[in-house]
Amino acid sequence: TMKNTLKTALSGLALAFATAAIAATAAENWENSCAACHGADGKAQTKQGKKLKIRDYTDPKVQAEMKDDAMVKAILEGYVQNGKTTMKGFKDELSEQEAKDL
């Protein structure tokens, strides 16, 4: 019936909006929390990225070394290198799911 067709179409539309909202959230979180150092493109060609010698996340060798659980931990708890905190943790600003989405 027309009513069922409309209901199905609206359900699909709601799902599409929810999916888009999740993707936008990850992009927005990257822009707000990560891009200043890691760059909008992940290449770390920012002033802070160069200063801290942040790795280029677009490099396939770097990507092969990255493990999801370690990345989520670094996002939430921060990153310490040679006893110095080089990235603050975002556990007060991002949920574990948001960290996983990043």
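Numbers given to residues run from 1 along each chain, matching the order in which its sequence is written. Only residues with pLDDT of 70 or above have their local features reported here, since the model is predicted, and side-chain atom pairs are shown and tallied only from 80 upward, although totals for entire chains, interfaces and linings are computed over all residues. Side-chain figures throughout are based on the complete set of non-hydrogen atoms in the structure, without hydrogens or water.

Draft legend 1. Layout of the nonpolar core. If you look at the biggest cluster of nonpolar residues, it comprises six residues: Val 72, Ile 75, Leu 76, Phe 90, Leu 94 and Ala 99. Under the scheme used here, helices are H or I runs from DSSP no shorter than 4 residues and strands are E runs no shorter than 2 residues, and both carry numbers assigned from the N terminus. In terms of residue count, helix H4 (residues 68-77) provides more of this core than any other element does, three residues in total. The criterion is simple. A nonpolar core is a set of buried Ala, Val, Leu, Ile, Met, Phe, Trp, Tyr and Cys residues joined through side-chain atoms within 4.5 Å. The buried label applies to any residue whose accessible area, calculated with a 1.4 Å probe on protein chains only, is under 20% of its type's maximum; exposed applies above 50%, and partly exposed to all values in between.

Draft legend 2. Highlighting H4. Of the positions making up H4, those classed as buried are Val 72, Ala 74, Ile 75 and Leu 76. Residues are treated as being in contact if the distance between any of their heavy atoms lies within 4.5 Å. On its buried face, H4 sits against strand S1 (78-81), strand S2 (84-88) and helix H5 (96-101). Phi for Gly 78, located one or two positions after H4, is positive at around 100°.

Draft legend 3. Highlighting the pattern of salt bridges. By convention in these notes, a salt bridge is any Lys or Arg side-chain nitrogen within 4 Å of a carboxyl oxygen on Asp or Glu. All told, the structure shown has three salt bridges when counted by the stated rule. The residue Glu 93 makes a salt bridge to Lys 88 at a minimum N-O spacing of 2.6 Å. What makes Glu 93 partly exposed here is its relative accessible area of 45%. The exposure class of Lys 88 is partly exposed, given its relative accessible area of 45%.

Draft legend 4. Main features of the side chain of His 38. Counting through the fold element by element, His 38 comes out in helix H1 (residues 2-38). The residues touching His 38, leaving out its near neighbours within four places in the chain, are Trp 30, Lys 43, Ala 44, Ile 54, Tyr 57 and Met 87.

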